[in-house]
Every structure is written in C-alpha cells, then in structure tokens.
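# Understanding the architecture of this molecule
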Amino acid sequence: MATQRTFSIIKPDATRRNLTGAINAKIEEAGLRIVGQKRIHMTKAQAEAFYAVHAERPFYNDLVSFMISGPVVVQVLEGENAVAAYRQVMGATNPADADEGTIRKAFAESIEANSVHGSDSDENAAIEINHFFTEDEIVG
Ligand code: ADP
Ligand code: MG
C-alpha cells in the first residue's frame, strides 16, 4: 500500500484535558507523520457541515454542540495505509469496545466525547483535508 493521507481531529474533550501531546505521541508511535496541524474553534456551521452525514441520527445536535464546546486540533496524517492505520490506533467508536493501547481506550470519556476523529475512507480523507487545509499548510 502506498503512502496515504488521512484527516484527524483531536476533539474538545481531549484539548480540555491537555491531551494533545499524549495523543500525538500515540499517532507518531503508530508510524504516522503529522504533516499538517492547527488548533481552531469550529463554528456551528463548520461542525454541522462536517457531520452532515449523521444529520438524521438522534445524537446529531448533541454531537455538533460538543464539537463546538471548545478548541479542536485538526491534523493531516501521512503514512503507509494511513486511513486504516489511524482507525486502528484510534480504536472503536465506543471506548467500552476499544482495544488496549488505542487512543480511545486510553483517553475517551464516552461514545460521544471519544477524543479523536479519523477519516473512514481515502475519498473522505481527501474531502475532509480540503475542508480545513490549503495545500501550502501541509508539509511532508
Ligand atoms: P467514528 O468517529 O468512529 O467514525 P461515527 O462516524 O459513527 O464514528 O460517528 C461520528 C461521531 O459521532 C463519533 O466519533 C462520536 O463522537 C459520535 N457518536 C457516534 N455514535 C454515537 C452515539 N450512539 N451516541 C452519541 N454520539 C455518537
Ligand atoms: Mg466516522
């Protein structure tokens, strides 16, 4: 598998608890390179658009409120098979189901406040990266 990029968000529950560095350590230990990174406070419109795929789910409004409840760190990660590799180090959506050693097992507070987002496909990774980064903000 060739070098690939994926999109990551360190969510407000993690920035609030000062876990950016600890999460970045797990990302780097997994062999992924952080090639773009910035701390932002998402607008409601940005969060709604980002999670539009979940608009019909019962947790959508709460999820949008959570994502704008504090700063987030948006990231571009690069490496072998980056989309799948990051999903693996993130762990399951529900931390109760997450494997030992994963970010969500170590840090997530709940199924909603689960510390990180990672793209679920190569196609969505490209869309999500373009949403938050210009090409000159990504330095490999
Ligand atoms: P993932 O982030 O693992 O790809 P999903 O794409 O299914 O998971 O969901 C997006 C985000 O929505 C999750 O990371 C989590 O913050 C939230 N979420 C998912 N399922 C629930 C749920 N049942 N209740 C509350 N929040 C949820
Ligand atoms: Mg998802």
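Residues numbered from 1 in each chain as written. Chains lettered and ligands numbered in written order. Predicted model: local features only at pLDDT ≥ 70, side-chain atom pairs only at ≥ 80, totals over all residues. Heavy atoms only, no water.

### A look at the side chain of Ser115
Within the secondary structure layout, Ser115 lies in the loop between helix H6 (103-107) and strand E4 (116-118). Looking at Ser115, its side chain comes within polar contact range of the side chain of Asp13, at 2.9 Å. Beyond its immediate stretch of four places on either side in the chain, Ser115 contacts Ile9, Ile10, Lys11, Asp13, Ala14, Arg17, Ile23, Phe107 and Ala108. (Helix = DSSP H or I, 4+ residues; strand = E, 2+ residues; numbered from the N terminus. Polar contact = N/O pair within 3.5 Å; in protein donor to acceptor, adjacent residues only side chain to side chain. Contact = heavy atoms within 4.5 Å.)

### Comments concerning the pairing of strand E1 (residues 3-10)
Within E1, six of the eight residues are buried, which leaves it mostly tucked inside the rest of the structure. The pairing of E1 with E4 spans three bridges and is antiparallel. From the neighbouring strand, Ile9 faces E4, where its bridge partner is His117. (Buried < 20%, exposed > 50% of the residue type's maximum accessible area, 1.4 Å probe, protein only. Pairing = 2+ DSSP bridges.)

### Details of the confidence of the model for the chain
For the chain, the average pLDDT comes to 98, and 99% of its residues sit at 70 or higher. Per-element confidence in the chain is highest for helix H1 (residues 12-16), whose mean pLDDT is 99, and lowest for helix H7 (residues 122-132), whose mean pLDDT is 97. (pLDDT = per-residue confidence, 0-100.)

### Details of the pattern of salt bridges
Under the criterion given, the structure shown has eight salt bridges. A salt bridge links Glu135 to Arg5; the shortest N-O distance between them is 3.1 Å. With Glu135 in the segment after H7 and Arg5 in strand E1, this residue pair connects regions lying 130 residues apart in the sequence. On the accessibility criterion, Glu135 (54% relative accessible area) is exposed. (Salt bridge = Lys/Arg side-chain N within 4 Å of Asp/Glu carboxyl O.)

### A short note on the nonpolar core
Core analysis: the biggest nonpolar cluster contains 20 residues, and Phe7, Ile9, Met42, Met67, Val74, Phe132 and Phe133 have the highest contact counts within it. Counting only elements with at least two residues in this core, the list comes to E1, helix H3 (44-50), helix H4 (60-67), strand E3 (72-80) and H7. For this core, the element with the highest residue contribution is H4, accounting for five residues. With near-sequence residues (within four places) excluded, Met67 lies in contact with Ile9, Lys11, Pro12, Met42, Ala47, Tyr51 and Val72. Counting 15 residues, the second-largest nonpolar core is a separate cluster that includes Ala14, Leu19, Met90 and Val116. (Core = buried A, V, L, I, M, F, W, Y, C linked by side-chain atoms within 4.5 Å.)

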